[in-house]
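# Residue-level structural notes
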Amino acid sequence: MPRDDEITDIDLDVDIDRRKVLSAATTAAGGAAGLSSVVAAQEDGDGEITEAEVERALAESEILAGDVTKADADADSVDLTPDDIPEDSKMYVGKYSNAQVPGEKAYEIQSYDEWRRQERPTGFDVPQTELLDQLYFQEDLGTVSVAGYSVTVGVGAGLKISTASDSFLSATLSVELFVNGVSFTIVDYGVGYGDDGLCVDVPIKYGPIPGLSVEGCISFSLYDEYGDICLDASVTLSLCADPCPLFSCEACAGASSPSVGGCADVPL
């Protein structure tokens, strides 16, 4: 798996219409630097995010997840509804949650560096299998400027394999987000060999950034290579904020990543 010093530079599109980041024709440009405003405030002892705030925000959020093919059909917009949530998925946060992570809670208030040091998805602190550690990756999407605010974002995924051979795979993929000082696992669902993916629509109702929402898709490919299970994945996100109290002045920015991943032995 690639380490921090092996991650390819991320392309950022910092001036883009809402949701257009999900279009295959989008051209990425720009850059990223620095800590998020929230994490910087935490380190200064001011504006600290509380667990009560995060719990309340996640409980009220209508976090949606759906098959990536829906976005492929209409690349300019995810436009998810509750009906789009995969039937075999376990939703861990939000109004539509139907499961609990095996650990204490599905979120963690932490700095970006602390999140990067994790060895498995947030909330999976109870060891699942050795393979979950080996096929866990985090994709750094950098710090994006939107509506004058800095938003630090990242995506994580962990694969738990039940059975595998060179022609059959039974596994679950866990998907998590890191947004400005909080990481949380959204969903896991069944996957097999081949190309697949998941799109999400996540309103972020904690912290000082008004009207912040994240939409995006993670596309991945699972395949067998010389007896190993291999995962390649790429991520595209659109972030929007609406800081005007009396009228809408929504501004959006996007972040995308090159393909990353790795392989792991299958002792089955």
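Predicted model, so just to flag it, every value in this text is computed and none were measured.

Turning our attention to the overall build of the protein. Secondary structure summary: the protein contains 5 helices and 13 strands in total. Here the protein holds 268 residues, and 49% of them are scored as buried. Sequence separation of 24 or more characterises 61% of the internal contacts of the protein that already satisfy a separation of 6 or more.

This paragraph deals with empty space enclosed by the protein. A complete count under the given rule lists 1 cavity of 30 Å³ or more for this structure. Lining the largest cavity are Val155, Val175, Leu177, Leu198, Val200, Gly216, Cys217, Ile218, Val235 and Leu237. Listing elements by their share of the lining of the largest cavity, those giving two or more residues are β7 (169-179), β9 (194-204), β10 (212-225) and β11 (228-241). Element by element, the count of residues in the lining of the largest cavity is highest for β10, at 3 residues. The residue makeup of the lining of the largest cavity, split by class, is 9 nonpolar, 1 polar and no charged.

Glancing now at the state of the cysteines. Enumeration according to the criterion identifies 4 disulfides in this entry. Each sulfur of the disulfide joining Cys199 and Cys217 lies 2.1 Å from the other. Torsion about the S-S bond of the Cys199 and Cys217 cystine: about 95°, corresponding to right-handed handedness. Taken together, the positions of Cys199 in strand β9 and Cys217 in strand β10 put the pair 18 residues apart, joining distant regions of the chain. With respect to burial, Cys199 and Cys217 carry one shared label: buried. Across the disulfide, Cys240 is cross-linked to Cys252 (sulfur-sulfur distance 2.0 Å). With the S-S dihedral at roughly 105°, the linkage between Cys240 and Cys252 falls on the right-handed side. Here the residue Cys240 occupies a position in strand β11, and Cys252 occupies one in strand β12 (residues 251-256), the gap between them amounting to 12 residues. As far as the burial class goes, Cys240 and Cys252 line up, both buried.

Let us now look at unusual backbone geometry. A negative phi angle is the norm for most residues apart from glycine, just as the trans form is the norm for most peptide bonds. Look at Asn180: it is not a glycine, yet its phi comes out positive at around 45°. Tracing the backbone shows Asn180 in the loop between β7 and β8 (182-191). Judged by its relative accessible area of 3%, Asn180 is buried. Here Tyr226, not a glycine, exhibits a phi torsion of approximately 55°, which is positive. Taking the relative accessible area as the measure of exposure, Tyr226 reaches 81% and is therefore exposed.

Another aspect to go through is the nonpolar core. Counting 64 residues, the largest nonpolar core has Leu159, Val179, Phe184, Ile186, Tyr206 and Ile218 as its most contacted members. Top contributing element to this core by residue count: β11, with 7 residues. When residues no more than four places from it in sequence are discounted, the contact partners of Val179 are Val151, Thr152, Val153, Ile204, Tyr206, Leu212 and Val214.

Now for the pairing of strand β5 (residues 136-146). Moving residue by residue along a regular strand, the side chains alternate between the two faces of the sheet. A large share of β5 lies buried, amounting to 9 of its 11 residues. Across 9 bridges, β5 lies against strand β6 (residues 149-164) in antiparallel orientation. If you follow Val144 over to β6, its bridge partner there is Val151. From the end of β5 to the start of β6, which pair antiparallel, there are 2 residues, and Ala147 there has a positive phi angle of about 55°.

A word on the pairing of β7. In terms of residue burial, β7 counts as a mostly covered element, since 9 of its 11 residues are buried. Pairing between β6 and β7: 11 bridges, direction antiparallel. Residue pairing across strands places Gly158 opposite Ser174, the latter belonging to β7. One ladder, built from 9 bridges, connects β7 with β8; its direction is antiparallel. Its bridge partner lying in β8, Leu177 is registered against Phe184.

We now examine the confidence of the model for the protein. Here the protein shows a mean pLDDT of 76. Residues at 70 or above account for 75%. Counting interchain partners and residues more than four positions distant, the pLDDT-below-50 stretch residues 1-46 has 107 contacts.

By the definition in use, this model includes 4 aromatic pairs. Aromatic side chains Tyr112 and Phe178 sit 5.8 Å apart centroid to centroid with 75° between the ring planes, which places their arrangement in the edge-to-face category. Remark: Phe178 occurs in strand β7 and Tyr112 occurs in helix α4 (residues 112-116); sequence separation between them is 66 residues. Consider the rings of Trp115 and Phe178, whose centres lie 5.4 Å apart with planes at 25°: the pair is stacked. Separated by 63 residues along the polypeptide, Trp115 in helix α4 and Phe178 in strand β7 bring together distant segments of the chain. For the pair formed by Trp115 and Phe178, the shared burial category is buried.

Criteria and cut-off values
- Each chain has its residues counted from 1, running along the sequence as written.
- With pLDDT at 70 or above as the cut-off, local features in this predicted model cover only qualifying residues; side-chain atom pairs require 80 or more to be listed or tallied, and sums for whole chains, interfaces and linings still use all residues.
- Computation of side-chain values covers all heavy atoms of the structure but excludes hydrogens and water.
- Elements are defined by DSSP. Helices are runs of H or I of four residues or more, strands are runs of E of two residues or more, and each kind is numbered from the N terminus.
- Exposure categories follow from relative accessible area, calculated using a 1.4 Å probe and restricted to protein chains: below 20% of the type maximum is buried, above 50% is exposed, and the middle band is partly exposed.
- Residue contacts are counted whenever heavy atoms from the two residues lie within 4.5 Å of one another.
- Whether a set of points on the 1 Å grid over the protein atoms alone is a cavity depends on a 1.4 Å probe fitting there but being unable to get out, while an open set qualifies as a pocket with protein on both sides within 12 Å along at least five of seven lines; lining residues are those with an atom within 4 Å of a point.
- Grid points are joined across faces, edges and corners, and a volume is the space filled by probe spheres set on the points.
- Side-chain classes are defined by residue name, with Ala, Val, Leu, Ile, Met, Phe, Trp, Tyr, Cys and Pro counting as nonpolar, Asp, Glu, Lys and Arg as charged, and the others, Gly among them, as polar.
- Here, two cysteine sulfur atoms that lie within 2.5 Å of each other are counted as a disulfide.
- Only buried residues count toward a nonpolar core, which is a set of Ala, Val, Leu, Ile, Met, Phe, Trp, Tyr and Cys residues joined through side-chain atoms within 4.5 Å.
- Strand pairing is assigned whenever DSSP identifies at least 2 bridges connecting the two strands.
- Confidence per residue, as judged by the predictor, is encoded in pLDDT with a range of 0 to 100.
- Stacked, tilted and edge-to-face are the three classes assigned to paired rings of Phe, Tyr and Trp, where Trp is represented by its six-membered ring and a pair needs centres within 6.5 Å; plane angles under 30 degrees give stacked, over 60 edge-to-face, the rest tilted.

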